[in-house]
Amino acid sequence: MSFNEQLLALQRQYSAKLPDILSDIRGLADALVADKHDTQKLESLAEQLHKLAGSAGTFGLSALSTQAALLDRRLETLLAADADPDWYRNESRLLQTELYNLQHFAAPDQLPGARPALSGELAKGEGLAAEVWLLEDDEFLGSSLLAHLEAFNFTARLFTSYAQLTEAYALEQPEVLVMDVLLGAEGRSVDRLQYSGLLKKAQSRLIFISARDDFNARLQAASLGAEGFFIKPLDVPKLVTRVEQVLTRLHAPAERVLIVDDDELLARYYQELLRGAGMESDILHEPERIIEVLEQKYPDIVLMDLQMPDISGQNLAAVVRQYEQWMGLPIVYLSAENDPRQQLKALNQGGDDFLTKPVDDAHLITAVKSRVVRSRQLLELMTKDSLTGLLKHATIKDSINREWAVAKRKGDTFCVAMLDIDHFKEVNDRFGHATGDEVIASVATLLRQRLRATDILGRYGGEEFAVLMANCDAMAAKVVLEDFRQRFQDLQFTSEDTSFSVTISIGLAEYRPGMDVDAETLLVNADKALYEAKKAGRNRLMVYGA
Ligand SMILES: Nc1nc2c(ncn2[C@@H]2O[C@H](COP(=O)(O)OP(=O)(O)OP(=O)(O)O)[C@@H](O)[C@H]2O)c(=O)[nH]1
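Residues numbered from 1 in each chain as written. Predicted model: local features only at pLDDT ≥ 70, side-chain atom pairs only at ≥ 80, totals over all residues. Heavy atoms only, no water.

(A) Layout of the pattern of salt bridges. Applying the stated rule across the entire model yields 32 salt bridges. Here Asp300 makes a salt bridge to Arg376, at a shortest N to O gap of 2.9 Å. Pair noted here: Asp300 is in the loop between helix 13 (290–297) and strand 8 (301–305) and Arg376 is in helix 16 (residues 361–383), with a separation of 76 residues, a long-range link. Residue Asp300 is classed as buried on the basis of its relative accessible area, which comes to 10%. Asp305 is the partner of Lys357 in a salt bridge, and the nearest nitrogen-oxygen pair spans 3.2 Å. Taken together, the residues Lys357 in the loop between strand 10 (353–356) and helix 16 and Asp305 in strand 8 connect sequence positions 52 residues apart. By relative accessible area, which is 10% here, Lys357 ends up buried. Residue Asp305 is classed as buried on the basis of its relative accessible area, which comes to 4%. (Salt bridge = Lys/Arg side-chain N within 4 Å of Asp/Glu carboxyl O. Helix = DSSP H or I, 4+ residues; strand = E, 2+ residues; numbered from the N terminus. Buried < 20%, exposed > 50% of the residue type's maximum accessible area, 1.4 Å probe, protein only.)

Here's what the structure looks like:
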């Protein structure tokens, strides 16, 4: 079943359920005019109206949703007021009649099947060639950039004219397009708008290079959604790092959403909607299981219904916030509540945002995606080193501790390696601290390119790195790290007019089941092997105890 068919099927299920919902409401409406005040029935009536106001709009019944919200507010006033008995009698009769007439508002907004497809969201990033394309008319610079990208394992293609690029673009598009905005001779004749024409249709992620730092060009780049703007002379390692960041974001795992809502159909509707936009979600119907489910699913965000029968969303959010590890988890309330005071109260108790039901489809998708992007960025800032994007010292140590505990329990083998750049002080002294930083960043980029996605990489100290390779023995780890070491020494760095290369020494320690060493000792062992590699002449790998 296609995405739109799924949503329509849910819409039909809702329409089929609607007569029962309205009949329940009619039944409860009689309590308004009964001789004996039945508080329980009146509370149920308020709850049903609130739910209807929130759900009907989502299923294409906006008029019903609006009317239910209106009657919900009138009921609230009626029950809250210390009213004059005549007014009460009158108003409750009127309200009863209007509740009986709710079905007249149940006409769908649009014909079934006419729902607009969310194709823009769905198609983003799909079907692109896993390549980086370069548009640079300076052949020397272009070739050097190409060589750098290839050294880091990217598949790259160089175009030296706009005409060449346009022709290739008509056939396929790369994941990332790095382009010079002012091409030498062609620059004057090519209208910038022509670029815009091509780029507005482009699905590729864009990075611009420019000979001048020109505010208007930057503005135009920003309006085209560029994810980088680099000025010549180019800082090539930084550009390569940016390409890598852009690709990492493009291939970021799908956003994981936990939906907490007692309304089953509505929760399934949100789930389908999010799935259609490329996100993964789980539904939790039993709020009391929330901590257990958070630990199993590790969601990026929680969408929480505010009014649930047994536990209110805001109290549930407050419980989540009692756990330190879930302090930063974004929680967005979904509710038909449109009283700003109630909304603020709920936000004060641990929620981050408030979406009023019925939530517009596109609004829900954008709100969830943007929240997840922000929270992933924050998490990165907290745990990752800014120069290299690798884990910080404390985080990599925690990871090694965790892996050690898992390996011990499961009887797995794993390896820890320490890497240290050789004679790095000399690089700094000869070429300056900034060039030294580029070398450090290149170690990180090459490590990410050569190691498996499951390996964990950290910057342990200034020019020292720690690597954790799970489910891997020393022999296999040695092959991968030796390959890395050789590729690293082949990289050519440039500083002003001098070209130079740098080497790295590596110490490796293995953990095998039954070994009586803890995580801390493993790190010490890897460090001892590294010391031996340095002593033996550097630019080599030594295995502890071998
Ligand atoms: N550019 C730059 N330099 C750093 C950074 N962190 C540490 N360093 C420098 O790294 C150098 C490390 O030098 P040493 O520990 O003496 O060792 P080395 O010169 O690499 O020599 P060996 O390790 O013995 O091969 C020092 O000069 C530090 O100032 C950083 O973030 N950026």
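So much for the structure itself; the text now carries on.
(B) Local environment of the sheet that holds strand 13 (residues 464–469). As summarised here, the arrangement of the 5 strands in space is 12-13-11-16-17, forming an open sheet in which the pairing is mixed. The open sheet has two edge strands, strand 12 (456–459) and strand 17 (541–543), and neither has a second partner. Here the average twist between neighbouring strands, direction ignored, is 15°. Across 3 bridges, strand 16 (residues 504–511) lies against strand 17 in parallel orientation. What sits directly across from Ile506, in strand 17, is Leu541. Here helix 20 (residues 474–490) sits on the sheet and contacts strand 11 (414–421), strand 13, strand 16 and strand 17; the angle it forms with strand 16, its principal contact strand, is near 170°. (Pairing = 2+ DSSP bridges. Axes fitted to C-alpha atoms, helices over the stretch in contact; angles between N-to-C directions. Contact = heavy atoms within 4.5 Å.)

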